[in-house]
Amino acid sequence: MRWWHVATVAELEPTVFATDPWTAELFWSELAQGDQRHYLTALWQPRGAAAHDLSAIIGYAGLALADDGAYIQTVGVVPRIRGRGVGARLMIALLRHARRAGARSCGLEVRTDNHAARALYTRLGFVDIGVRRGYYQPSGGDAYVMRARPIDTVGYAALLDEVERALPGRVRLEP
């Protein structure tokens, strides 16, 4: 994700997350963290569409890095595209980046009622380690805390490859 994507992503956010969407300022704050953050956008690019067409953004995701750990900050896919593997590809790309950066584990929070996301995270080796009551604000929604570890092994790399091979279609991710 680059600075020129922020306005479009912030406009998509209330559609992607009906409750507790992030603001443009929050995305700016994340991108300002430099090498400690890694954000991606997924683009839908039908034949003939310009590569720089920001209306082509169909998904986005972000990762925080600290010491030997990583944390998924957000993963969002526009509703009309869900179920086509975009979120999984974004997650896999972030997890591969985390591995290259030396992370040994990766954590995240997910709404307790987001069954599709929990299923994806479980396929990617994440397990529940707790619950945060009232985590999402301002709605007060609860979150499961999940973690995958170790992610720095050959076996985990093989798991990412296996999950990716099973995904439909192709998606181009842009840093």
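Quick note: structure is the one above.
Source: prediction; values computed, not measured.

(A) Structural detail: the overall build of the protein chain. A count of helices and strands for the protein chain gives five helices and seven strands. For the protein chain, the succession of helices and strands along the chain, N to C, is α-α-β-β-β-α-β-α-β-β-α-β. Taking 175 residues into account, the globule formula puts the C-alpha radius of gyration at 16 Å, and the protein chain, at 16 Å, falls close to it. When the backbone C-alpha atoms are referred to their principal axes, the protein chain occupies close to 40 × 35 × 30 Å. Partitioning the intrachain contacts of the protein chain with sequence separation of at least 6 by distance along the chain shows that 65% fall at a separation of at least 24. Carbon and sulfur atoms make up 52% of the accessible area of the protein chain, which amounts to about 9,300 Å² in all. Charged side chains of the protein chain number 21 positive and 18 negative; the gap between the two group centres comes to 6 Å.

(B) Representation of the environment of Ala 101. Structurally, the position occupied by Ala 101 is in the loop between helix 3 (86-100) and strand 4 (105-111). Separated by 65 residues in sequence, Ala 101 and Ala 166 have C-alpha atoms that sit 25 Å apart.

(C) The pattern of salt bridges, seen in detail. Applying the stated criterion across every chain, the model contains ten salt bridges. A salt bridge links Arg 89 to Glu 164; the shortest N-O distance between them is 3.9 Å. One end of the pair, Arg 89, is in helix 3; the other, Glu 164, is in helix 5 (residues 154-165), and 75 residues separate them in sequence. When its relative accessible area of 11% is taken as the criterion, Arg 89 is described as buried. Residue classification places Glu 164 among the partly exposed positions, given a relative accessible area of 27%. Taken together, the salt bridges that share partners define one network made up of Arg 89, Arg 96, Asp 161 and Glu 164.

(D) Structural view of unusual backbone geometry. Cis geometry marks the peptide bond from Gln 137 to Pro 138, where omega comes out at 10 degrees. Note the cis peptide between Arg 149 and Pro 150, where omega equals -10 degrees. Of note, Pro 150 is situated in the loop between strand 6 (141-148) and helix 5. We note that Asp 67 has phi near 50 degrees; this positive angle belongs to a residue other than glycine.

(E) Seen up close, the environment of Gly 59. Structurally, Gly 59 is set in strand 2 (residues 57-66). The sequence separation of Gly 59 and Arg 82 amounts to 23 residues, and the corresponding C-alpha distance is 9.3 Å. Sequence-distant contacts of Gly 59, that is, excluding residues within four places in its chain, are made with Leu 40, Thr 41, Ala 42, Gly 76, Val 77, Val 86 and Leu 90.

(F) Spatial organisation of a nonpolar patch on the surface. On the surface, Trp 3, Trp 4 and Trp 28 cluster together into a nonpolar patch covering about 400 Å² of accessible area. Structurally, Trp 28 can be placed in helix 2 (residues 24-31). The exposure class of Trp 28 is partly exposed, given its relative accessible area of 42%.

(G) Quick peek at helix 3. In a regular helix each residue adds 1.5 Å, so 15 residues correspond to 21 Å; helix 3 covers 21 Å between its end C-alpha atoms and thus fits that length. Burial analysis of helix 3 places eleven of its 15 residues in the buried class, which makes it a mostly covered element. All of the buried residues along helix 3 are Val 86, Gly 87, Ala 88, Arg 89, Leu 90, Met 91, Ile 92, Leu 94, Leu 95, His 97 and Ala 98. Note on helix 3: the residue one or two positions beyond its end, Gly 102, has a positive phi of about 95 degrees.

(H) Seen up close, the packing of aromatic side chains. Applying the stated criterion to the full structure yields five aromatic pairs. When the centroid spacing of 5.8 Å and the interplanar angle of 80 degrees are considered together, the rings of Phe 27 and Tyr 60 count as edge-to-face. Of this pair, Phe 27 sits in helix 2 while Tyr 60 sits in strand 2, and the two are 33 residues apart along the sequence. An identical accessibility class is assigned to Phe 27 and Tyr 60; each is buried. Directly above the ring of Tyr 136 sits Arg 111, whose terminal nitrogen or CZ lies 4.4 Å from the centroid. For the cation-ring pair, Arg 118 lies above Tyr 144, with the distance from its terminal atom to the ring centre recorded as 3.9 Å.

Cut-offs applied
Residues numbered from 1 in each chain as written. Predicted model: local features only at pLDDT ≥ 70, side-chain atom pairs only at ≥ 80, totals over all residues. Heavy atoms only, no water. Helix = DSSP H or I, 4+ residues; strand = E, 2+ residues; numbered from the N terminus. Rg over C-alpha atoms; globule rule 2.2 N^0.38 Å. Contact = heavy atoms within 4.5 Å. Areas by Shrake-Rupley, 256 points an atom, 1.4 Å probe, with all protein chains shown as cover. Lys, Arg positive; Asp, Glu negative; His and termini not counted. Charge placed at Lys NZ, Arg CZ, Asp CG, Glu CD. Salt bridge = Lys/Arg side-chain N within 4 Å of Asp/Glu carboxyl O. Buried < 20%, exposed > 50% of the residue type's maximum accessible area, 1.4 Å probe, protein only. Patch = residues over 30% accessible without salt bridge, like charges linked within 9 Å, V, L, I, M, F, W, Y side chains within 5 Å. Expected span 1.5 Å × (residues − 1). Phe/Tyr/Trp six-rings, centres within 6.5 Å; stacked < 30°, edge-to-face > 60°. Lys NZ or Arg CZ within 6 Å of the ring centre and 35° of its normal.

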